[in-house]
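A closer look at the structure
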Amino acid sequence: QKEVEQNSGPLSVPEGAIASLNCTYSDRGSQSFFWYRQYSGKSPELIMSIYSNGDKEDGRFTAQLNKASQYVSLLIRDSQPSDSATYLCAVNGPTGANSKLTFGKGITLSVRP
Amino acid sequence: DARVTQTPRHKVTEMGQEVTMRCQPILGHNTVFWYRQTMMQGLELLAYFRNRAPLDDSGMPKDRFSAEMPDATLATLKIQPSEPRDSAVYFCASGLKPGTSGGSRYNEQFFGPGTRLTVL
């Protein structure tokens, strides 16, 4: 059973701080990793994807992947109240033709003004 | 269109009634997914299609749920008969199979706005 765990949360940070969201996965053969943001009452929105070990930066967002330790994280710098949402980690399996994603339960982030 | 669309956005029905939800994937996408989201279970994959052919429906209760893709621009999810435990938000998502012309290597999926279903 492939699992994606997001155990820390809910998370509350002050405006301007760095928010760190973590995710672990059980399938060592996983190849692709994603972070989705979901505002209350809305659909998940893809904000980051990462494929290789290391860091990937996009504006205030940085995704970090460590396949050896089987974790992926999302850092949000200079957090804004508009970043308050639930963040879903999603992982794709080892087979390139298999597009299925396994989602974690999500971490709710609250940014205090 | 560059967005996934879903209809209806909200549906309230009584137990035992048939419910049909529709999805129009992003033009050119060849993979379509149906998900259900509840507070308790989170986001669960019900079924998915590639090039209109069903690839996996193992997450779907077979006795009452059915999913089809009559053409490349329409995917449907039907529940018959509906039960109160089916109350949830149902999302459709679409993407491109890696290696498909114009697709990325990442199996990215893009979600529609969802159908909020309430079965009384």
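In case you missed it, the structure is sitting above this.
Residues numbered from 1 in each chain as written. Chains lettered and ligands numbered in written order. Predicted model: local features only at pLDDT ≥ 70, side-chain atom pairs only at ≥ 80, totals over all residues. Heavy atoms only, no water.

Comments concerning the overall build of chain A
Quick reminder of the rule: Helix and strand assignments come from DSSP, with helices taken as H or I runs of at least 4 residues and strands as E runs of at least 2, each series counted from the N terminus. Put simply, the radius of gyration uses C-alpha atoms, and a globule should come to 2.2 Å times the residue count raised to 0.38. Per-residue accessibility, obtained with a 1.4 Å probe over protein chains only, is compared with the maximum for each type, and a residue is labelled buried under 20%, exposed over 50%, and partly exposed between these values. Every residue pair with non-hydrogen atoms within 4.5 Å of one another is taken to be in contact. Shrake-Rupley sampling with a 1.4 Å probe provides the accessible areas, and residues are treated as covered by the protein chains on show and by no other component.
The number of helices and strands found in chain A is zero helices and eleven strands. Listing the helices and strands of chain A from first to last along the sequence gives β-β-β-β-β-β-β-β-β-β-β. Computed over the C-alpha atoms, the radius of gyration of chain A is 14 Å, within 12% of the 13 Å expected from 2.2 N^0.38 for a compact globule of 113 residues. When burial is assessed residue by residue, chain A has 44% of its 113 residues classed as buried. By sequence separation, contacts in chain A at least 24 residues apart represent 54% of the contacts at least 6 residues apart. For chain A, the exposed surface amounts to about 5200 Å²; the carbon and sulfur share of it is 47%.

Considering the pattern of salt bridges
All names here are of chain B. To keep it simple, the criterion reads: A carboxyl oxygen of Asp or Glu within 4 Å of a side-chain nitrogen of Lys or Arg is what we treat as a salt bridge.
Throughout the structure, instances matching the rule amount to nine salt bridges over all chains. For D57, the salt bridge is made with K62, and the minimal N-O distance between the two is 3.6 Å. When its relative accessible area of 31% is taken as the criterion, D57 is described as partly exposed. The residue E83 makes a salt bridge to R64 at a minimum N-O spacing of 3.5 Å. Of this pair, E83 sits in the loop between β8 (74–79) and β9 (88–95) while R64 sits in the loop between β6 (53–56) and β7 (65–71), and the two are 19 residues apart along the sequence. For E83, a relative accessible area of 23% corresponds to the partly exposed category. Several salt bridges share partner residues, and in doing so they unite R64, E83, R85 and D86 into one network.

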